[in-house]
Amino acid sequence: CSDIKRFPYKCLSLVTALLGAGAGCIPEANTPRDRSPIEPTHRPADPETPLMDMEDFAWTHRPLLLFADERGQQNRDAQLQLVKANQDGLTDRDMVVVEIVGEQITIDGEPRGADAAALRSRYDIDPDEAFTVLLVGKDTGVKLRRDVPVTMDEVFGLIDTMPMRRQEMGNASR
């Protein structure tokens, strides 16, 4: 009888593994994983803080990922200027900005522990690419990929056509 109670978590582990959540992301077989929402303002990681997991953003935030190396710094800086000029739109759409520059990762400008190589692998970022910007939806799917800076009007326009965002906008007007 106790096996029946644990069965959903075993299925969750299998589904998570099949969807490619990555190593260290699979919940224990008999215990549920804490899914508390990420706060919009992230604190810097310290040695006690677990590595960031993109699954932590599932259903709560829309990450805008900026991958850059030294050759892509000009594009990264241009993208960040566009982002900074549109803070209200980011907040309104539950967005966070994740920068991956070399092995350094920040979330909304705050250093964060994470495996940069694993993020590049997960999102199929070629090491020869100097700059890539990705919009990841609340469902964790990639919604936009560019190798040049993208206007926030384009990002917001795309988000505003998504069914979940349309529902959010409907709920906000009530």
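Remember, it's a predicted structure, so these values are computed and weren't measured experimentally.

Looking at the pairing of strand β2 (residues 95-101)
And step 1. Among the seven residues of β2, six are classified as buried, and the element is accordingly described as predominantly covered.
And step 2. Here four bridges tie β2 to strand β3 (residues 104-107), and the two strands are oriented antiparallel to one another. Counted as the bridge partner of I100 is I105 from β3.

Focus on the pattern of salt bridges
And step 1. On inspection of all chains with the given rule, the structure shows 14 salt bridges.
And step 2. Residues K138 and E168 are paired through a salt bridge, measuring 2.6 Å at the closest nitrogen-oxygen approach. With K138 in the loop between β5 (131-136) and β6 (142-146) and E168 in helix α6 (residues 163-172), this pair connects stretches of sequence that are 30 residues apart.
And step 3. What makes E168 buried here is its relative accessible area of 19%.
And step 4. In this structure, a network of salt bridges that share partners links the residues R62, D92, R93, D94, K138, D160, R165 and E168.

Notes on helix α5 (residues 152-161)
And step 1. Those residues of α5 that fall on the buried side of the exposure criterion are M152, V155, F156, I159 and D160. Within α5, the buried residues cover an arc of 130° as seen down the axis, which keeps them to one side. For α5, the exposed residues lying more than 90 degrees away from the buried face are D153 and T161.

Some words on the packing of α5 against α6
And step 1. Remark: α5 packs on α6, axes separated minimally by 5 Å, with the N-to-C direction vectors making an angle of 85°. Taken as axis vectors, α5 and α6 run roughly perpendicular relative to one another. Seen from α5, the contacting residues are I159, D160 and T161; seen from α6, they are P163, R165, R166 and M169.
And step 2. By residue class, the composition of the contact of α5 with α6 is three nonpolar, one polar and three charged.

Section: the confidence of the model for the protein chain
And step 1. With 71% of its residues at a pLDDT of 70 or more, the protein chain has an overall mean of 78.
And step 2. Between residues 1-50, whose pLDDT stays under 50, and residues either more than four places distant or in other chains, the model counts 49 contacts.

Topic: the sheet that holds strand β4 (residues 110-111)
And step 1. With mixed pairing, the six strands of this open sheet are ordered in space as β4-β3-β2-β1-β5-β6. Since the sheet does not close on itself, it has two edges, and those belong to β4 and β6, each with one partner.
And step 2. Examined bridge by bridge, β3 and β4 share two bridges and lie antiparallel to one another. Residue T106 lies in a different strand from β4, and its bridge partner there is P111.
And step 3. Here helix α2 (residues 73-84) sits on the sheet in contact with β1 (62-68), β2 and β5, set at roughly 165° to β2.

Rules and cut-offs
Residues numbered from 1 in each chain as written. Predicted model: local features only at pLDDT ≥ 70, side-chain atom pairs only at ≥ 80, totals over all residues. Heavy atoms only, no water. Buried < 20%, exposed > 50% of the residue type's maximum accessible area, 1.4 Å probe, protein only. Helix = DSSP H or I, 4+ residues; strand = E, 2+ residues; numbered from the N terminus. Pairing = 2+ DSSP bridges. Salt bridge = Lys/Arg side-chain N within 4 Å of Asp/Glu carboxyl O. Arc of directions from axis to C-beta. Axes fitted to C-alpha atoms, helices over the stretch in contact; angles between N-to-C directions. Parallel < 35°, antiparallel > 145°, perpendicular 65-115°, else oblique. Contact = heavy atoms within 4.5 Å. Nonpolar A, V, L, I, M, F, W, Y, C, P; charged D, E, K, R; others polar. pLDDT = per-residue confidence, 0-100.

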